[in-house]
Amino acid sequence: MEQRTLLALLVFSSLIVLAEAQKPAVEIYSLHVDCKVTSRFAHTVITSRIVNRANESREATFEVELPKTAFITNFSMSIDGKVYPGVIKEKAAAQKEYDTAVSRGQSAGLVKIRDRKLELFHVSVSIAAASKVTFELTYEELLKRQLGKFELLIKVRPKQLVKHYQIDVHIFEPQGIRFLETDSTFMTNELTEALTKVQNETKAHILFKPTIDQQKVNPELDETLLNGDFVVRYDVKREATAGDIQIVNGYFVHYFAPSEMPVFPKNVIFVIDRSGSMAGRKIEQTRDALLKILQDLRPEDHFSFITFSNRVEEWKSSLLPATEENVASAAAFVQTLFARGGTDINGALLAAVGALDKAENLPERSVSMVILLTDGQPTSGETNVEEIQENIQKAINGKYALFCLGFGFDVSYKFLEKMALSNGGIARRIYENADAALQLQGFYQEVATPILMKIEMQYPENAIEGLTKNNFVLFFEGSEIVVSGKIRNELDLLPVEIKAQSHTSDLTLKEEANVKEKEQIFQDQRYIFGNFIERLWAYLTIQQLLEKAISAPEEDQKALEAQALELSLQFSFVTPLTSMVVTKPADQQQGELANKPTEADNEKPSNRLVGAPLKKSTSGPLGMPSEDDLANSRMRAGSAPGRWAELQTVSSRKLFSGVSRLMDRVRAQPVVDEHPQFLLELAKPSETICLNIDGKAQPSVHLLSDPEQGLTVMGKLGDGTNQFVEFRINYVNPPVQIHVSTDGIVVSHDNENTRLPWTESATSTIQGLRVSVEKERSFTTSLPDTVTVKISLVKFPDVFLGLYFLDTNHFSDKASGALGQFYSKAQFRDNSNINHRADERLLTVSGSEHKVSRMYKKDYRLESARGPVSCWSIDLTP
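Reading guide: rules and limits
Residues numbered from 1 in each chain as written. Predicted model: local features only at pLDDT ≥ 70, side-chain atom pairs only at ≥ 80, totals over all residues. Heavy atoms only, no water. Pairing = 2+ DSSP bridges. Helix = DSSP H or I, 4+ residues; strand = E, 2+ residues; numbered from the N terminus. Axes fitted to C-alpha atoms, helices over the stretch in contact; angles between N-to-C directions. 1 Å grid on protein atoms, 1.4 Å probe; cavity = no way out; pocket = protein on both sides within 12 Å on 5 of 7 lines; lining within 4 Å. Points joined across faces, edges and corners; volume = space filled by probe spheres on them. Buried < 20%, exposed > 50% of the residue type's maximum accessible area, 1.4 Å probe, protein only. Disulfide = S-S within 2.5 Å. Parallel < 35°, antiparallel > 145°, perpendicular 65-115°, else oblique. Contact = heavy atoms within 4.5 Å. Nonpolar A, V, L, I, M, F, W, Y, C, P; charged D, E, K, R; others polar. Polar contact = N/O pair within 3.5 Å; in protein donor to acceptor, adjacent residues only side chain to side chain. Expected span 1.5 Å × (residues − 1). Core = buried A, V, L, I, M, F, W, Y, C linked by side-chain atoms within 4.5 Å. Phe/Tyr/Trp six-rings, centres within 6.5 Å; stacked < 30°, edge-to-face > 60°. Lys NZ or Arg CZ within 6 Å of the ring centre and 35° of its normal. Salt bridge = Lys/Arg side-chain N within 4 Å of Asp/Glu carboxyl O.

Participant: Tell me about the sheet that holds strand β11 (residues 177-184), and name the residues and values.
Facilitator: Judged by pairing direction, the sheet is antiparallel, and its three strands sit side by side in the order β9-β16-β11 without closing on themselves. Strands at the two margins of the open sheet, each flanked by one partner only, are β9 (150-156) and β11. Sheet twist, expressed as the average angle between the axes of neighbouring strands with direction ignored, equals 15°. Relative to strand β16 (residues 228-236), β11 runs antiparallel, the two being bridged by seven bridges. Bridged to Thr182 within β16 is Val232.

Participant: Run through the sheet that holds strand β38 (residues 711-717), naming residues and quoting values.
Facilitator: The strand order across the open sheet built from six strands is β37-β38-β39-β40-β41-β42, with neighbouring strands paired in antiparallel fashion. Each edge of the open sheet is held by one strand with a lone partner, namely β37 (701-706) and β42 (752-756). The sheet shows a mean angle of 15° between the axes of neighbouring strands, direction not considered. In the sheet, strand β40 (residues 736-741) pairs with strand β41 (residues 744-749) via five bridges, with the strands oriented antiparallel. Note on β41: the bridge partner recorded for Ile738 is Val747.

Participant: For empty space enclosed by the protein, give the residues involved together with the corresponding values.
Facilitator: Unfilled space is identified by rolling a water-sized probe across the atoms. Applying the stated rule across the entire model yields three cavities of 30 Å³ or more. Counted as a void, the largest cavity has a volume near 110 Å³. What lines the largest cavity is a set of 13 residues, among which Leu290, Ile293, Ile371, Leu405 and Leu440 lie closest to the centre. Of all the secondary-structure elements, those providing two or more residues to the lining of the largest cavity are β19 (266-273), α5 (281-296), β23 (367-374) and α10 (436-447). Element by element, the count of residues in the lining of the largest cavity is highest for α5, at four residues.

Participant: I'd love a proper account of the pairing of strand β10 (residues 164-172), names of residues and values included.
Facilitator: Consecutive side chains of a regular strand alternate in pointing toward one face of the sheet and then the other. Taking burial as the measure, the nine residues of β10 include seven buried ones, the bulk of the element. As paired strands, β10 and strand β13 (residues 203-208) are joined by six bridges and run antiparallel to one another. For Val169, the partnering residue across the bridge sits in β13 and is Ile206.

Participant: Which residues make up the state of the cysteines, and what are the values?
Facilitator: Across all of its chains, the model carries one disulfide by this definition. Across the disulfide from Cys690 sits Cys871; the S-S distance is 1.9 Å. Classification of the bridge connecting Cys690 and Cys871 rests on its S-S torsion, roughly -105°, and on that basis the disulfide is left-handed. With Cys690 in strand β36 (residues 688-693) and Cys871 in strand β51 (residues 869-876), the pair connects residues that are 181 residues apart, well separated along the chain.

Participant: Let's hear about the packing of helix α7 (residues 345-358) against helix α8 (residues 385-396): which residues, and what values?
Facilitator: Each packed pair of helices is defined by two parameters, the angle between the axes and the distance between the axes. Between α7 and α8, whose axes approach to 10 Å, the crossing angle comes to 0°. Classified by the angle between their axes, α7 and α8 sit roughly parallel to one another. Across the interface between the two elements, Asn346, Leu349, Leu350 and Val353 of α7 pack against Ile388, Asn391, Ile392, Ala395 and Ile396 of α8. Of the residues assigned to the contact of α7 with α8, the class counts are seven nonpolar, two polar and no charged.

Participant: Account for the side chain of Gln821, naming residues and giving values.
Facilitator: Structurally, the position occupied by Gln821 is in helix α16 (residues 817-824). Among the polar contacts made by the side chain of Gln821, one reaches the main-chain carbonyl oxygen of Ala818 at a distance of 3.3 Å. With residues up to four places along the chain from it excluded, the contact list for Gln821 reads Ala815, Ser816, Ala826, Val845, Ser846 and Leu876.

Participant: Could you give an account of α5, naming the residues involved and the relevant values?
Facilitator: Under the 1.5 Å per step criterion, the end-to-end length of α5 is 23 Å for 16 residues, consistent within 8% with the ideal 22 Å. Every buried residue of α5 is listed here: Lys282, Ile283, Gln285, Thr286, Arg287, Ala289, Leu290, Ile293 and Leu294. On its buried face, α5 is in contact with β19, β20 (302-308), α6 (324-335), β23, β24 (401-407) and α10.

Participant: Describe the nonpolar core, listing the residues and the values that go with them.
Facilitator: Phe678 and Phe822 are the most contacted members of the largest nonpolar core, which has 59 residues in total. Beyond its immediate stretch of four places on either side in the chain, Phe822 contacts Leu680, Leu682, Ile689, Leu691, Leu843, Val845, Ile874 and Leu876. If you look at the next biggest cluster of nonpolar residues, it comprises 55 residues, including Tyr139, Leu180, Tyr234 and Ala594.

Participant: Explain the environment of Arg365 residue by residue, including any values.
Facilitator: As for its position among the elements, Arg365 is in the loop between α7 and β23. Sequence-wise, Arg365 and Gln501 are 136 residues apart; in three dimensions their C-alpha atoms are separated by 9.1 Å. Setting aside anything within four residues of it in sequence, one finds Arg365 in contact with Phe264, Pro265, Gln501, Ser502, His503, Thr504, Ser505 and Asp506.

Participant: With reference to specific residues and values, describe the packing of aromatic side chains.
Facilitator: Within this structure, the stated rule accounts for 34 aromatic pairs. Look at Phe303 and Phe305: their rings are 6.2 Å apart centre to centre, the planes differ by 85°, and that puts the pair in the edge-to-face class. Since its relative accessible area comes to 0%, Phe303 is described here as buried. For Phe305, a relative accessible area of 1% gives the class buried. Linked through ring pairs, Phe270, Phe303, Phe305, Trp315, Phe333 and Tyr444 together constitute an aromatic cluster. If you follow Arg40 out to its NZ or CZ, it ends over the ring of Tyr255, 3.7 Å from the centre.

Participant: For unusual backbone geometry, give the residues involved together with the corresponding values.
Facilitator: Across the chain, the bulk of peptide bonds are trans and the bulk of non-glycine residues have phi less than zero. Here the amide bond leading from Asn733 into Pro734 is cis, since omega sits at 0°, within 30 degrees of zero. As for its position among the elements, Pro734 is in the loop between β39 (724-731) and β40. At Asp750, a position not held by glycine, the phi torsion is positive, near 55°. Turning to its location among the elements, Asp750 is positioned in the loop between β41 and β42. Owing to a relative accessible area of 56%, Asp750 belongs among the exposed residues under this scheme.

Participant: Report on the pattern of salt bridges, specifying residues and quantitative values.
Facilitator: For the coordinates displayed, the defined rule picks out 38 salt bridges. With a closest N to O distance of 3.4 Å, Arg58 and Glu56 form a salt bridge. For Glu56, a relative accessible area of 47% translates into the label partly exposed. Through salt bridges with shared partners, a single ionic network connects Arg40, Arg145, Glu173, Arg178, Asp235, Arg238 and Glu480.

Next comes the structure, spelled out in structure tokens:
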């Protein structure tokens with residue numbers, strides 16, 4: 001009995017030791033998010049307390065994902081009782097003072113854009129054994145009303161279990177809270193019990209305080225469930241037709257959001273980029289989004305499409321009413337969109353403006369707009385971006401609104417933003433994620449319901465100073481106009497007059513605010529920071545000054561930025577013009593800076609500066625670069641294999657650092673061999689294989705089988721050619737057989753054959769299996785969450801079919817066949833006999849060794865950038 005007891009104690013003590021060992025050495029023992037929202041203005045303080053439980057110094061890290069629209073206002077570290085504050089300075093001066101910590105011309109690195117909604121603040125500090133550090137970050141933002149609601153986003157990602165974890169959200173809305181809801185991407189039934197919500201007419205308190213056990217993925221593992229978004233959405237009550245005015249300490253804010261008004265008919269032209277860089281996923285997501293957007297058009301709307309590559313094409317010669325028949329015709333057109341060629345943005349936008357200018361029979365009171373979607377730089381027609389901006393502004397001349405959507409990071413966001421802001425619209429980046437189509441739809445929904453135009457918010461001139469923007473081109477249902485200013489004189493009543501045009505009439509709305517009564521509302525709100533309207537005014541003014549500077553002449557731009565800088569320093573905001581110097585203990589790296597990145601900063605360094613001219617490109621067949629382009633662009637041979645973008649000639653050395661050194665290294669264009677039979681993009685290892693198979697001895701070649709995918713592919717070589725001209729694709733579920741040849745495609749299912757010619761674009765779905773033909777270009781077949789099979793129709797120099805696979809991470813380790821084995825059984829290794837040459841490796845596939853060489857081959861894949869592809873070349877005999 002004593003031995004059993006001793007054994008049990010030993011086991012129990014070992015479990016305790018094990019549990020202690022599993023605890024992180026650097027432990028977050030407290031994390032508190034405290035957010036106070038007063039009349040849409042949110043003030044958030046995040047406090048993290050960390051202890052080093054190790055017996056030696058360790059690095060403690062503080063990471064916060066905060067909204068892009070927020071300005072950081074304070075940061076501090078407290079290490080063993082000593083406080084190290086952040087100091088906000090003019091950006092240029094701070095960078096000069098701390099140039100050893102800041103990369104020239106780049107963000108200091110403490111704040112980086114995370115995704116389309118968030119920025120990441122990251123700082124680390126070394127702390128001694130058993131020491132503690134407290135991090136505290138404060139940021140502020142004005143919540144923007146979109147689609148009828150305000151949204152407060154808090155990112156939850158502690159990366160470990162936290163003993164004291166708490167989110168507090170206090171909301172005070174004097175207008176009254178109309179509805180309030182919370183949402184999260186990580187909530188479970190257990191975590192729901194940790195969430196409480198208390199609400200009355202004007203106030204709400206949301207508390208999320210999970211225990212350690214509630215945070216766990218399961219009781220046995222010390223892994224946290226807290227990883228995702230915590231979202232609070234709400235809207236306020238609205239009674240006064242002229243909006244609501246609030247006043248604190250001599251500053252006022254005026255919110256105006258009319259509802260239940262008739263919607264203006266829209267005259268909208270969608271200008272869609274279909275250049276070669278849009279090929280693949282981008283054009284597919286664009287098609288999906290446009291099909292949904294077409295369904296959202298109202299019967300009284302008029303619309304059309306202009307698509308462009310190096311050529312500009314109009315869908316119809318005039319705008320059409322959004323009848324059921326016209327929408328169906330447009331949907332059929334959208335299905336045929338494919339990508340190739342250059343990018344003539346100037347020609348496409350001028351064509352759109354011309355179409356609106358000559359349009360007839362449009363509703364008398366209607367809103368005309370152009371929505372541009374592009375993913376690249378202008379490479380055809382007029383390519384100087386300053387000329388393009390000037391041309392478009394002159395053509396539009398205030399008649400229409402221009403909205404610019406930049407797809408991905410090859411586009412110059414500054415160029416699009418300036419062009420949109422100069423023409424009564426806005427710019428938005430569409431991130432290349434799985435939800436890109438939803439991003440496009442979401443943007444359209446924001447601008448789909450204009451209910452007012454030419455809005456003027458008028459206040460007594462002699463009584464108000466520092467007035468923010470008070471004239472607006474359009475107002476969309478579900479949004480909100482915000483105007484703020486300082487009351488100069490002692491006023492008893494603050495009058496406001498709003499003039500606007502609705503669909504049915506001209507409006508004049510009047511309101512008077514009793515200053516003392518309005519000030520009294522906020523007197524007793526103890527948990528609300530009292531000067532919030534003054535800070536809201538400064539926040540709004542800075543944003544509008546920076547926005548105005550984008551499209552202003554250079555002299556005006558400097559004056560606007562000087563005003564914004566003065567306010568940024570006065571109110572301690574980290575803006576694009578200021579930096580926060582993060583101080584640390586003397587024995588650690590000094591002078592780290594926290595900058596405010598802009599959307600334009602979040603681009604590939606190869607993008608041209610706004611105004612940089614680009615040589616016009618002469619394209620060969622199917623948008624391929626001409627021989628002249630190749631000769632003039634040999635420097636591209638030194639870039640990363642497989643990343644040949646649209647060839648560009650740039651006049652400014654500033655665009656590419658070290659380009660002269662690169663030119664010295666690159667003496668000749670690489671030798672480009674013929675098309676390979678197959679191009680295989682491996683996921684593990686991440687390599688590209690160019691494969692040729694000797695299939696002359698057999699009528700058909702077993703290329704791939706994957707029982708878990710339920711997929712088999714066979715291929716056949718052509719007579720008198722070393723390329724494949726036929727493929728047979730078999731699916732188990734659904735039972736579908738597909739025969740693809742250079743003559744056409746035959747799809748067989750349930751003893752029925754459907755013939756799809758190459759001369760027409762078509763799409764069909766059979767029990768979830770999507771089959772599509774892009775006219776004279778490609779064939780694609782795919783099931784959800786499986787490998788996509790794609791076949792290019794190549795016509796030059798010989799006619800053949802180029803097979804390749806997308807989403808290859810879905811292949812199982814049971815994949816077999818001449819191609820399948822590479823996705824399941826391929827391993828690279830060095831060979832001592834090859835003298836470690838970078839262009840030669842050993843490749844082991846299914847137990848056989850092959851010496852492979854790196855070569856450049858012609859690329860038949862539509863998603864490629866149409867240049868040579870660097871790959872490991874191998875010949876096989878099946």
